[in-house]
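So the chains spell out like this:
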Amino acid sequence: MGYTPSARKEALAERWYVIDAKDRILGRLASEIAYVLRGKHLPDFTPHVNMRTHVIVLNADKVRLGANKMETKRYYWHSGWVGGLRSLTARELNERKPGELVRKAVWGMLPKTRLGHDTMRRLRLYAREDHNHQAQKPQPLPERTVKAT
């Protein structure tokens, strides 16, 4: 019988990646970020292990949405009280909380488990060109060699 090695969190080195979100389409950008955060681009990817990859997103408030989605797409939440349904358009949400559009899109593409929550902690969003993670020597986000079908 063959043996398939599983990656161990302790043996993995931390990898830092940076991407500029300016004028990128939100869904495609979020898909790339989620793919790398999970570690699926690594040859020793193991689904149940934190692959210790971090992603820094610059200009997170300058993402694009298709057609007129900035005005028509709505984000809903409920306060828990009667009549407490609230909503904001994508434009209003982006003005109030820059980068929240990217955070919500990436979260929608990750598993809703402890591993998914841990993965989200490794996403850093900035609404400007600079960041304070130069000491980690981030590399450009790798291009996908195999496109998801």
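Structural data are supplied above this passage.
Treat the numbers as computed from the prediction; the structure is a model and nothing was measured. (Residues numbered from 1 in each chain as written. Predicted model: local features only at pLDDT ≥ 70, side-chain atom pairs only at ≥ 80, totals over all residues. Heavy atoms only, no water.)

Here's the deal with the pattern of salt bridges
Right, so step 1: Tallied over the entire structure, the rule returns 8 salt bridges.
Right, so step 2: A salt bridge links Arg-52 to Glu-14, with the shortest nitrogen-to-oxygen separation between them at 2.9 Å. Placement of Arg-52 in the loop between α1 (26-38) and β2 (53-58) and of Glu-14 in the segment before β1 (15-20) is noted, with a sequence separation of 38 residues between them.
Right, so step 3: A salt bridge links Asp-118 to Arg-121, with the shortest nitrogen-to-oxygen separation between them at 3.2 Å. (Salt bridge = Lys/Arg side-chain N within 4 Å of Asp/Glu carboxyl O. Helix = DSSP H or I, 4+ residues; strand = E, 2+ residues; numbered from the N terminus.)

Concerning α1
Right, so step 1: Counted at 1.5 Å a residue, the expected span for α1 with its 13 residues is 18 Å, and the 18 Å between its end C-alpha atoms agrees.
Right, so step 2: Those residues of α1 lying buried are Leu-26, Leu-29, Ala-30, Ile-33, Ala-34, Val-36, Leu-37 and Arg-38.
Right, so step 3: Tucked inside the fold, the buried residues of α1 contact β1, β2, β3 (74-78), α4 (100-107), α5 (114-120) and β5 (123-125).
Right, so step 4: Following α1 by one or two positions, Gly-39 adopts a phi angle in the positive range, close to 90°. (Expected span 1.5 Å × (residues − 1). Buried < 20%, exposed > 50% of the residue type's maximum accessible area, 1.4 Å probe, protein only. Contact = heavy atoms within 4.5 Å.)

Here's the deal with the packing of aromatic side chains
Right, so step 1: Inspection of every chain in the model, using the stated rule, returns 0 aromatic pairs.
Right, so step 2: When the ring centre of Trp-107 is taken as reference, the NZ or CZ atom of Lys-112 above it lies at 5.0 Å. (Phe/Tyr/Trp six-rings, centres within 6.5 Å; stacked < 30°, edge-to-face > 60°. Lys NZ or Arg CZ within 6 Å of the ring centre and 35° of its normal.)

What about the side chain of Thr-89?
Right, so step 1: Within the element layout of this structure, Thr-89 appears in strand β4 (residues 85-89).
Right, so step 2: Beyond its immediate sequence surroundings of up to four residues, Thr-89 is in contact with Met-70, Glu-71, Lys-73 and Arg-74.

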